[in-house]
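# Working through the structure, step by step
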Amino acid sequence: MSDSSKSGTTRKHTALPKAQILIEALPWLTRHHGKTVVIKFGGNAMVNEDLKAAFAQDVVFLRHAGLRPVVVHGGGPQISAALDKHGIVSEFKAGLRVTTEDAMDVVRMVLAGQVQRELVGLLNQHGPLAVGLTGEDAHTITATKHQPEIDGERVDIGRVGEITDIDTGAIEALLADGRIPVVSSIARSQDDHHVYNVNADTAAAALAAALGAETLMVLTDVEGLYEDWPNSDEVISRLTASQLERLLPELSAGMVPKMEGCLHAVRGGVTTARVIDGRVQHSILLEIFTDEGIGTMVVPDEHEGDAQ
Ligand SMILES: Nc1ncnc2c1ncn2[C@@H]1O[C@H](COP(=O)(O)OP(=O)(O)O)[C@@H](O)[C@H]1O
Ligand SMILES: CC(=O)N[C@@H](CCC(=O)OP(=O)(O)O)C(=O)O
């Protein structure tokens, strides 16, 4: 045997650890293959360009790994900044933006014309994958006027919508074509010819349930649901739907639509709903392909113990 072939058999394969990392993902790849994952990217998690680019990489990775990712995006801080420029003061009631007719135009401009376009652009740096739409398109999200109850009274908060119907046709067609739908949380109106502003967590949860998604993943700017916020940063790692239901009345601010959404999703057939820290680079991959599940996971009561 020549010296050169001998050295070939003993050559150190420096890339071997990479192969091991890839093969460790095999059980997760098998489990999630062909499954729909709805990922909500919150405006507060879009804190810098690197994170947004890593988010896009993760979503494209999921798509190439055989999953069917659907992105629903928020943009609360971006809307507030734009309203400020227009001299419109932002006000929230029951965790929802009071949306006048003028504010609605700005909301639509920012979500559909700015945030959605940016995410579509980032995803499409990896190929002709992402297609942006709003709930208005092809009747994807229909809503009626939402009047939340505050201290026992119905309150008018303007053009804020309560979802009455989801038509998954356009999203299903895009998924079947191998595309990544990127959905802005604006609904067509059931009542008139205008549109409604819908909280993006609520829209993502409703879409996840209607699509029969396996997972709803909500990326935000905290590690998950804190047990005793704001007094402690102890994260609740796992909750059943019933446990969450009991906890809901105690929750405040941005966590209300998120956790109501998670509950709606798992009660609507989604296997797991997770709130995870969007400030951690590649948090989506960590969550889907490793044991190191981070954040808060909500599971249906009957699946307690077997969802991962
Ligand atoms: N129990 C809780 N655990 C974690 N965060 C909470 C809790 N209650 C309220 N919050 C607040 O909710 C915020 C996340 O909601 P929100 O600001 O709407 O984010 P996003 O733009 O991602 O939708 C957190 O930054 C935190 O200030
Ligand atoms: C009715 C309502 O409150 N709509 C939200 C829609 C955007 C959103 O939900 O963005 P985040 O996910 O970043 O919070 C708003 O106007 O801020």
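Given the structure is predicted, the values throughout are model-derived calculations rather than measurements.

Let us look at the UniProt feature "domain: Aspartate/glutamate/uridylate kinase" (unreviewed entry) in the protein chain. When the UniProt feature table is mapped to this numbering, "domain: Aspartate/glutamate/uridylate kinase" (unreviewed entry) covers residues 35-277. Taken as a whole, residues 35-277 contains 37% helix and 27% strand, while its terminal C-alpha atoms sit 22 Å from one another.

Tallied over the entire structure, the rule returns one cavity of 30 Å³ or more. Quantified by volume, the largest cavity comes out at close to 50 Å³. Around the largest cavity sit Phe 41, Leu 51, Ala 54, Phe 55, Asp 58, Leu 219, Gly 278, Val 280, Gln 281, His 282, Ser 283 and Ile 284, which together line it. Every element with two or more residues in the lining of the largest cavity is listed here: helix H4 (49-64) and helix H11 (283-289). The greatest single-element share of the lining of the largest cavity, amounting to four residues, is contributed by H4.

Take the site of ligand 1 next. The environment of ligand 1 is formed by 17 residues, the closest being Asn 44, Thr 220, Asp 221, Tyr 226 and Lys 258. In the environment of ligand 1, an oxygen atom lies 2.9 Å from a nitrogen or oxygen atom belonging to the side chain of Asn 44. Here an oxygen atom of ligand 1 sits 2.8 Å away from a polar atom, N or O, in the side chain of Thr 220. Coverage of ligand 1 by the protein chains reaches 83% of its 580 Å² of free accessible surface. Among the detected pockets, ligand 1 sits in the largest pocket. Elements with a contribution of two residues or more to the shell around ligand 1: strand S12 (215-220) and helix H10 (255-267). When its residues are assigned to classes, the shell around ligand 1 shows six nonpolar, seven polar and four charged.

The positions UniProt marks with the feature "site: Transition state stabilizer" (unreviewed entry) are Lys 40 and Lys 258. These annotated residues cover 219 residues of sequence, and their C-alpha atoms lie no more than 9.8 Å from one another, placing them together at a single site. Lining residues of the largest pocket, restricted to the annotated ones just named, are Lys 40 and Lys 258. Here Lys 40 is in contact with Val 72, Gly 74, Ala 200, Asp 201, Ala 204, Met 217, Val 218, Leu 219 and Lys 258, once residues within four sequence places are set aside. Polar side-chain contacts of Lys 40 include one of 2.9 Å to the side chain of Asp 201. Within the element layout of this structure, Lys 258 appears in helix H10. On the accessibility criterion, Lys 258 (9% relative accessible area) is buried.

Now for the side chain of Glu 287. By the element assignment, Glu 287 lies in helix H11. Judged by relative accessible area, Glu 287 falls into the buried class, the value being 5%. Not counting residues up to four positions away in its chain, the partners in contact with Glu 287 are Met 217, Arg 274, Ile 276, Gly 293 and Ile 294.

Right, let's talk about the nonpolar core for a bit. The biggest cluster of nonpolar side chains holds 44 residues, and the ones touching the most others in it are Val 38, Ile 171, Leu 216, Leu 225, Leu 244 and Met 259. The biggest single contributor to this core is helix H8 (residues 200-211), with seven residues. Not counting residues within four places of it along the chain, the set of residues in contact with Ile 171 comprises Val 70, Leu 133, Thr 140, Pro 181, Val 183, Leu 207 and Leu 211. Ranked by size, the runner-up nonpolar core spans 42 residues in total, among them Leu 62, Met 104, Val 115 and Leu 129.

For the rest of this paragraph, the subject is the layout of surface pockets. The calculated volume of the largest pocket comes to roughly 940 Å³. For the largest pocket, the lining is made up of 43 residues, of which Asp 201, Ala 253, Gly 254, Met 255 and Lys 258 are closest to its centre. Among the elements that make up the lining of the largest pocket, the one with the highest residue count is helix H5 (residues 76-85) (four residues). Taken together, the residues of the lining of the largest pocket sort by class into 20 nonpolar, 15 polar and eight charged. The volume enclosed by the second largest pocket comes to roughly 450 Å³. Along its surface, the second largest pocket is lined by 19 residues, and Leu 96, His 146, Glu 162, Thr 202 and Glu 260 are the ones closest to its centre. The element contributing the most residues to the lining of the second largest pocket is H10, with five residues. In the lining of the second largest pocket, the residues fall into 10 nonpolar, six polar and three charged.

Scoring rules and cut-offs
- Residues numbered from 1 in each chain as written.
- Chains lettered and ligands numbered in written order.
- Predicted model: local features only at pLDDT ≥ 70, side-chain atom pairs only at ≥ 80, totals over all residues.
- Heavy atoms only, no water.
- UniProt positions renumbered as here; feature names shortened; annotations may be inferred.
- Helix = DSSP H or I, 4+ residues; strand = E, 2+ residues; numbered from the N terminus.
- 1 Å grid on protein atoms, 1.4 Å probe; cavity = no way out; pocket = protein on both sides within 12 Å on 5 of 7 lines; lining within 4 Å.
- Points joined across faces, edges and corners; volume = space filled by probe spheres on them.
- Near = heavy atom within 4 Å.
- Polar contact = N/O pair within 3.5 Å; in protein donor to acceptor, adjacent residues only side chain to side chain.
- Areas by Shrake-Rupley, 256 points an atom, 1.4 Å probe, with all protein chains shown as cover.
- Sits in = over half its atoms within 2 Å of the grid points.
- Nonpolar A, V, L, I, M, F, W, Y, C, P; charged D, E, K, R; others polar.
- Contact = heavy atoms within 4.5 Å.
- Buried < 20%, exposed > 50% of the residue type's maximum accessible area, 1.4 Å probe, protein only.
- Core = buried A, V, L, I, M, F, W, Y, C linked by side-chain atoms within 4.5 Å.

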